[in-house]
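Here is what each chain is made of, one letter per residue.
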Amino acid sequence: KKKEYWNWLDLPKVVTVSILQRLGAIDILYSAQKVCMLWRNICKYPSMWRAIDIQNLGELHDMPYDLERMCIHAIDRSYGQLRDINIECFSTNELLIYITQSTSQLRRLRLVCCYSILDEGLSKVAAKLSLLEELDITLCSLSKESLEVVGRCCPLLKSFKWNQQWYATDGLSQTECDEEALAIAKNMPELRHLQLIGNKVTNDGMQAILDGCPHLELLDIRKCFNVNLSGNLGKRCAERIKNLRHPNDSTHDYGFMTEISDYGSF
């Protein structure tokens with residue numbers, strides 16, 4: 001019997017678009033759009049670039065990729081339709097400015113290990129993020145000043161992730177600090193989801209968050225070892241929070257290193 005081979009070009013265009021949209025920006029720009037003219041044309045649709053995902057994977061260090069230039073090219077292809085962008089392990093204040101100058105529709109922004117983005121950079125663009133609903137800042141060099149500005153400028157913010165690393169130097173001891181928690185409590189009243197992995201927050205800071213964020217449904221405080229949920233705070237969380245992740249809960253689904261000691265990472 002003669003073998004039958006599937007011709008990808010025979011797929012309905014809507015199916016092809018759906019398949020290509022599942023790829024990251026790197027795969028589209030350096031692989032998929034080079035397959036054939038049909039795919040190249042589809043990869044130029046602005047709708048293909050409403051969501052941009054660019055991650056600096058380890059193997060890219062030895063490849064001739066200019067990730068910031070690639071990101072700008074992807075943003076240009078969106079023609080102002082960009083709504084969701086995920087940037088991992090690269091980016092600068094200048095790129096952040098370019099993103100916010102290129103779209104007024106951004107709903108979701110995720111910055112992971114973007115140590116070159118500073119408070120002044122995020123504060124400068126916050127006013128252009130008025131439609132932002134989800135913000136993820138994980139393992140970045142930002143402080144409470146950014147939280148205050150973002151909270152004031154992003155009234156629609158429903159989901160916020162502010163994740164750090166826990167420094168284990170003496171058992172489970174950790175420096176206490178509620179500045180960031182207070183900034184969240186005072187400036188993000190519409191939050192439904194809050195993730196604070198590895199934060200230095202204490203019970204006082206958590207009480208302030210519960211007071212200032214009355215709509216909170218999901219609270220993730222894994223590795224927040226200054227928080228004690230055995231007393232009144234724990235009771236209040238149990239009554240208020242539908243989905244609560246405790247300080248000692250596993251971080252196996254987190255995807256990033258959570259602990260650093262004097263002897264190296266755990």
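Residues numbered from 1 in each chain as written. Predicted model: local features only at pLDDT ≥ 70, side-chain atom pairs only at ≥ 80, totals over all residues. Heavy atoms only, no water.

Q: What should I look at first to understand the pattern of salt bridges in this one?
A: Between side chains of opposite charge, a pair can form when the charged atoms approach closely. Summed over the entire model, instances satisfying the criterion amount to eleven salt bridges. Two residues, Arg110 and Glu88, come together in a salt bridge whose shortest N-O distance is 2.5 Å. One end of the pair, Arg110, is in strand β3 (residues 108-112); the other, Glu88, is in strand β2 (residues 84-88), with 22 residues separating them in the sequence. Here Lys144 makes a salt bridge to Glu148, at a shortest N to O gap of 3.6 Å. In this pair, Lys144 and Glu148 both sit in helix α7 (residues 144-153), four residues apart, roughly one turn of the helix. (Salt bridge = Lys/Arg side-chain N within 4 Å of Asp/Glu carboxyl O. Helix = DSSP H or I, 4+ residues; strand = E, 2+ residues; numbered from the N terminus.)

Q: Can you walk me through the side chain of Asp178 in this structure?
A: Considering the arrangement of structural elements, one finds Asp178 in the loop between β6 (166-168) and α8 (179-187). Buried charge without a salt bridge: Asp178, with Lys200 as the nearest opposite-charge side chain at an N-O distance of 11 Å. Among the polar contacts listed, one links the side chain of Asp178 to the side chain of Thr202, at a separation of 2.5 Å. Not counting the four nearest positions on each side in its chain, Asp178 is found in contact with Val201, Thr202, Asp204 and Gly205. (Buried < 20%, exposed > 50% of the residue type's maximum accessible area, 1.4 Å probe, protein only. Lys, Arg positive; Asp, Glu negative; His and termini not counted. Polar contact = N/O pair within 3.5 Å; in protein donor to acceptor, adjacent residues only side chain to side chain. Contact = heavy atoms within 4.5 Å.)

Q: Explain the environment of Thr100 to me, please; I cannot follow it from the model alone.
A: Mapped onto the secondary structure, Thr100 falls in helix α5 (residues 93-102). With a relative accessible area of 7%, Thr100 lands in the buried category. A sequence separation of 20 residues divides Thr100 from Gly80, and the C-alpha atoms of the two residues are 9.8 Å apart. Side-chain polar atoms of Thr100 contact the backbone oxygen of Ile97, separated by 3.0 Å.

Q: In this structure, what is going on with the environment of Arg245? I would like to understand it.
A: Structurally, the position occupied by Arg245 is in strand β9 (residues 243-245). Among the residues examined, Arg245 registers a relative accessible area of 22% and is labelled partly exposed. Measuring from C-alpha to C-alpha, the distance between Arg245 and Ile221 comes to 5.9 Å, with 24 residues separating the pair along the chain. For Arg245, the residues in contact, after removing those within four places along its chain, are Leu219, Asp220, Ile221, Arg222, Ser250 and Asp253.

Q: Help me out: how do you make sense of the sheet that holds β2 in this one?
A: Through backbone hydrogen bonds, the strands of a sheet pair up, either in parallel or in antiparallel fashion. Reading across the sheet, the eight strands line up as β1-β2-β3-β4-β5-β7-β8-β9 and stay open at both edges, with parallel pairing between neighbours. Here the strands that pair on one side only, and so sit at the sheet edges, are β1 (51-55) and β9. With strand direction ignored, the average angle separating the axes of adjacent strands in the sheet is 5 degrees. Sheet topology note: the β2/β3 ladder contains five bridges and is parallel. Residue pairing for β3: Glu88 is matched across the bridge by Val112. (Pairing = 2+ DSSP bridges. Axes fitted to C-alpha atoms, helices over the stretch in contact; angles between N-to-C directions.)

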